[in-house]
Structures are given as structure tokens and as C-alpha cells.
Amino acid sequence: MPKVSVSIPTFNRVNLLPFAIDSVLKQSEQDFELIICDDGSSDRTPELMSQYTDDRIKYIRHQQNIGKSNNMRSGFDAATGEYFIKFDDDDRLTPDFLASTAAILAQDFSIDFVGTDHWIIDINNVRDEAKTQENSHRWGRKNLPAGVVNNLLEVVFIRQSFQVGATLFRRKTLQELGYMQPNLQNCEDNDLFVRLALAGKKGYYLPELLMEYRSHAEQQGINRAIPYLFDKIQYLENYKFESEKLEKVRKNRLTETQLLLGLRLIEKGETQQGRELVLAGQSFSTAKAWTGLGLSLLPVGWRGKAFNALRQMQG
């Protein structure tokens, strides 16, 4: 049994996947298995994978696309290591990620997972110091002390400080929770951390930049935003917290997400559903809601330019 199972789910990323794979092969901790789960890629991914001869690499290819979370689950189900990490095919681990995080889990068996901070890199693998600092501050990691996190539910739900791709888990802990929810294609990472906290699991924060998260144009756009916002609503509706503070944040985020999704649908031309969601989320911002309803009266072909003009005005 290897010490660590590393899973990289992939889909049509043949140009970026080699960077992710090489970052694992260059780890200072070499006791691992690497599982590449391919969600029916139509590019040269199978050809790429045929070139790797390291017997620690397992390649799981789904002939048809089964969806993001189901593909992730296939990698987890194939894992045999004591510890487990999943990171995306456009990201990278720094050379000491596995060694540093596994050492903490080995020293204290009460800790269920270890999360780290991470770099922001661009499409050319260049680290962006300013964006990295901004990202760490935005998600509450700048002020998160090293060690076991006491207020874990607040940290993972309100601040969202932990990132799945920068976290090493005990595989047994994930098995207890069932890992990722099936058929939830977005926000599955947020959902996992909330379930871990609600189950009383113990998380440890290591304030070192040990992973590289890639920011690039492919992640943007309305066609990615709409499915994400639909899944975020589902995720937020799954919970009702006992804490008044947490419940207030949940409800506020739900109305914000309904409003944002409604605006996106109006922009795309799905007017009726968009209007209904805008009205459901209008308490978050009455001004944005009425602006969106006003723009919904425009011909569909004009809406994209109108929304873009508003975005530019807002900065």
C-alpha cells in the first residue's frame, strides 16, 4: 500500500496535464500512487498517457463523459493509499507538498486533513506574487494561524479558507463521509469541507505556499458561470445551520447567488427563469435586481453588450 494516493481528474487538457503529472513525479516524498481519471477526453490525452512508463501511474479512461464529480469519485474509489489528495489537471504541487503535509498526519493521528496556502500561476507557469497575496487575504488564510483549526465550520464555510487541491486527507476519513457528492459538478469541494466540519473532523492549517493554482481565460465566461451558480444554489440549500451567524451568511449568499444566476440567464436569453430568480434574490441588491429586470426588456441580441457596458462602468 502506498503512503499517498494522488488523483488528477482530467478532461481535454492534454497541453496542461503534463505539468500536473510532472509535479507529482518530482515530489520529495516518492511513496505514492498517481491516478489519472479521464472523463472521456476527445483530445490526445490517451496518447499522452501511453508515453508514461512509471508503474506508480494508473490511468482510468471513461469512454463517455460521466461528469466532474463522478469522475473525481472514480479516482478516489481506485485509491489504496493511507492518505489522499485530488487536484485539478491545470494545477501543480510544489516538490515538498506531500512530504510536509504527510509528516503532520503521521505525527498526530487525531488530525483528519492538512490544508496549505498556494501560489497563483498563469498559463505560462509564472508565479504572480501580488495575486497570490491578494488571494491569501481574500480567503482568510493571511490571518489563519498554523495548527489545528478550532472554529472549523466557520473557517470552511464563511471564510472558505481551505482549498481541496491544496489539502491532504486521511483516506479513511473521506471514506466515512462518502467523499464527493455524486452528480454535483460545482461547489463539491465546499460541500465536502462543510460535511467534514459538521462530522466533527479535525483540520490543520499549514501556512506555506505548497501548491500552485493556475488562473487562465478558460475558467471564465457565461457558459461556465451558469452551471456553477445552479450548483451553488443547490449546495447552499442543502444546509440549515444551528448557528445564527452561519445561517445569516448562508441565507445572504443564497439570495446573492439567485440574483447573479438570474442576471446571467437574462443576459443569455432565458428571460422567464431569469426574472424569477432575480426577484427571489432582490433582497441582496434591489438596484441590481431592477437593473436586470429593465435589461430583460431589451431584445436578446442587445443584452450582452448592455451587461458588458454595466460591468465596465462598475470597474
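Look a little higher up for the structure.
All values reported here derive from a predicted model rather than from experimental measurement.

### What about the overall build of the protein?
(1) Moving on: A tally of helices and strands in the protein yields 13 helices and nine strands.
(2) Moving on: Radius of gyration (C-alpha) of the protein: 21 Å, near the 20 Å computed for a compact globule of 315 residues.
(3) Moving on: Overall size of the protein, expressed as C-alpha extent along the three principal axes, is 60 × 45 × 35 Å.
(4) Moving on: The buried share of the protein, taken over its 315 residues, is 52%.
(5) Moving on: A fraction of 73% describes how many contacts in the protein between residues 6 or more apart in sequence connect residues 24 or more apart.
(6) Moving on: With an accessible surface of roughly 15,000 Å², the protein has 50% of that area assigned to carbon and sulfur atoms.
(7) Moving on: Between the averaged position of the 39 positive side-chain charges in the protein and that of its 41 negative side-chain charges there is a distance of 5 Å.

### Describing the nonpolar core
(1) Moving on: Among the nonpolar cores identified, the biggest contains 40 residues, and Phe-157, Phe-162, Tyr-179, Leu-192 and Phe-193 are the most heavily contacted of them.
(2) Moving on: Of all the elements in the fold, those that place two or more residues in this core are helix H3 (68-77), helix H6 (152-159), helix H7 (171-177), helix H8 (188-198), helix H9 (222-237) and helix H10 (244-268).
(3) Moving on: Counting residues per element, this core draws most heavily on H6, which supplies six residues.
(4) Moving on: In this structure Phe-157 touches Val-194, Tyr-235, Leu-236, Phe-241, Leu-246, Val-249, Arg-250 and Arg-253, once residues within four positions along its chain are discounted.
(5) Moving on: Formed by 30 residues, the second largest nonpolar core is a distinct cluster that contains Val-14, Leu-17, Phe-32 and Leu-206.

### Looking at the pairing of strand S6 (residues 113-121)
(1) Moving on: In terms of residue burial, S6 counts as a mostly covered element, since nine of its nine residues are buried.
(2) Moving on: Pairing geometry for S6 and strand S8 (residues 167-170), over three bridges, is antiparallel. For Val-114, the partnering residue across the bridge sits in S8 and is Leu-168.
(3) Moving on: Strand direction decides the pairing type here: S6 and strand S9 (residues 203-214), joined by nine bridges, are parallel. Its bridge partner being in S9, Thr-116 is matched across the sheet by Leu-206.

### Thoughts on helix H1 (residues 17-25)
(1) Moving on: Here H1 has its buried residues at Leu-17, Pro-18, Ala-20, Ile-21, Ser-23 and Val-24.
(2) Moving on: In the core, the buried residues of H1 are packed alongside strand S1 (4-10), strand S2 (32-38), helix H2 (45-49) and strand S5 (92-93).

### Points about the pattern of salt bridges
(1) Moving on: Scanning the entire structure with this criterion turns up 17 salt bridges.
(2) Moving on: When the shortest N-O distance is used, the salt bridge between Glu-33 and Lys-58 registers 2.9 Å. Here Glu-33 is found in strand S2, whereas its partner Lys-58 is found in strand S3 (residues 57-61), with 25 residues between them in sequence.
(3) Moving on: One salt bridge connects Arg-250 with Glu-247, and the closest N-O pair in it is separated by 2.6 Å. One end of the pair, Arg-250, and the other, Glu-247, are both in helix H10, three residues apart, so they sit about a helical turn from each other.
(4) Moving on: A single network of salt bridges, built from pairs that share partners, joins Arg-13, Asp-89 and Asp-90.

### Re the packing of aromatic side chains
(1) Moving on: Taken as a whole, this structure holds twelve aromatic pairs when the rule is applied.
(2) Moving on: With 6.3 Å between their ring centres and 75° between their planes, Phe-162 and Tyr-205 make a pair best called edge-to-face. In this pair, Phe-162 sits in the loop between H6 and S8 while Tyr-205 sits in strand S9, placing the two residues 43 residues apart along the sequence. Of the two residues, Phe-162 and Tyr-205, neither departs from the other in class, the shared state being buried.
(3) Moving on: Members of the aromatic cluster, connected to one another through ring pairs, are Phe-113, Phe-162, Phe-169, Phe-193 and Tyr-205.

### Overview of the pairing of S1
Along any regular strand, the residues point their side chains to alternate faces of the sheet.
(1) Moving on: The element S1 is largely enclosed, with a buried count of seven among its seven residues.
(2) Moving on: Because side chains alternate across S1, one face comprises the buried residues Val-4, Val-6, Ile-8 and Thr-10, and the other comprises Ser-5, Ser-7 and Pro-9, equally buried.
(3) Moving on: Taken together, the seven bridges between S1 and S2 define a ladder with parallel strand orientation. Residue pairing for S2: Thr-10 is matched across the bridge by Asp-38.
(4) Moving on: Regarding topology, H1 serves as the crossover connection from S1 to the parallel S2, and that connection is right-handed.
(5) Moving on: Two strands pair when backbone bridges link them, and S1 and strand S4 (residues 83-86) are joined in this way by four bridges, in the parallel orientation. Pairing of Val-4 across the sheet is with Tyr-83, part of S4.

### Examining the packing of H10 against helix H11 (residues 271-280)
(1) Moving on: Where H10 meets H11, the axes come as close as 7 Å, and the angle between the chain directions of the two elements is 155°. Considered as vectors, H10 and H11 are oriented roughly antiparallel to each other. H11 is crossed by H10, and the crossing has left-handed handedness. Residues Thr-255, Gln-258, Leu-259, Leu-261, Gly-262, Leu-263, Leu-265 and Ile-266 of H10 lie in contact with H11, whose contacting residues are Thr-271, Gln-273, Gly-274, Arg-275, Leu-277, Val-278 and Ala-280.
(2) Moving on: Of the residues assigned to the contact of H10 with H11, the class counts are eight nonpolar, six polar and one charged.

Criteria and thresholds
Residues numbered from 1 in each chain as written. Predicted model: local features only at pLDDT ≥ 70, side-chain atom pairs only at ≥ 80, totals over all residues. Heavy atoms only, no water. Helix = DSSP H or I, 4+ residues; strand = E, 2+ residues; numbered from the N terminus. Rg over C-alpha atoms; globule rule 2.2 N^0.38 Å. Buried < 20%, exposed > 50% of the residue type's maximum accessible area, 1.4 Å probe, protein only. Contact = heavy atoms within 4.5 Å. Areas by Shrake-Rupley, 256 points an atom, 1.4 Å probe, with all protein chains shown as cover. Lys, Arg positive; Asp, Glu negative; His and termini not counted. Charge placed at Lys NZ, Arg CZ, Asp CG, Glu CD. Core = buried A, V, L, I, M, F, W, Y, C linked by side-chain atoms within 4.5 Å. Pairing = 2+ DSSP bridges. Salt bridge = Lys/Arg side-chain N within 4 Å of Asp/Glu carboxyl O. Phe/Tyr/Trp six-rings, centres within 6.5 Å; stacked < 30°, edge-to-face > 60°. Right-handed = clockwise from strand over helix to strand, strands pointing away. Axes fitted to C-alpha atoms, helices over the stretch in contact; angles between N-to-C directions. Parallel < 35°, antiparallel > 145°, perpendicular 65-115°, else oblique. Left-handed = near helix turned anticlockwise from the far one by under 90°. Nonpolar A, V, L, I, M, F, W, Y, C, P; charged D, E, K, R; others polar.

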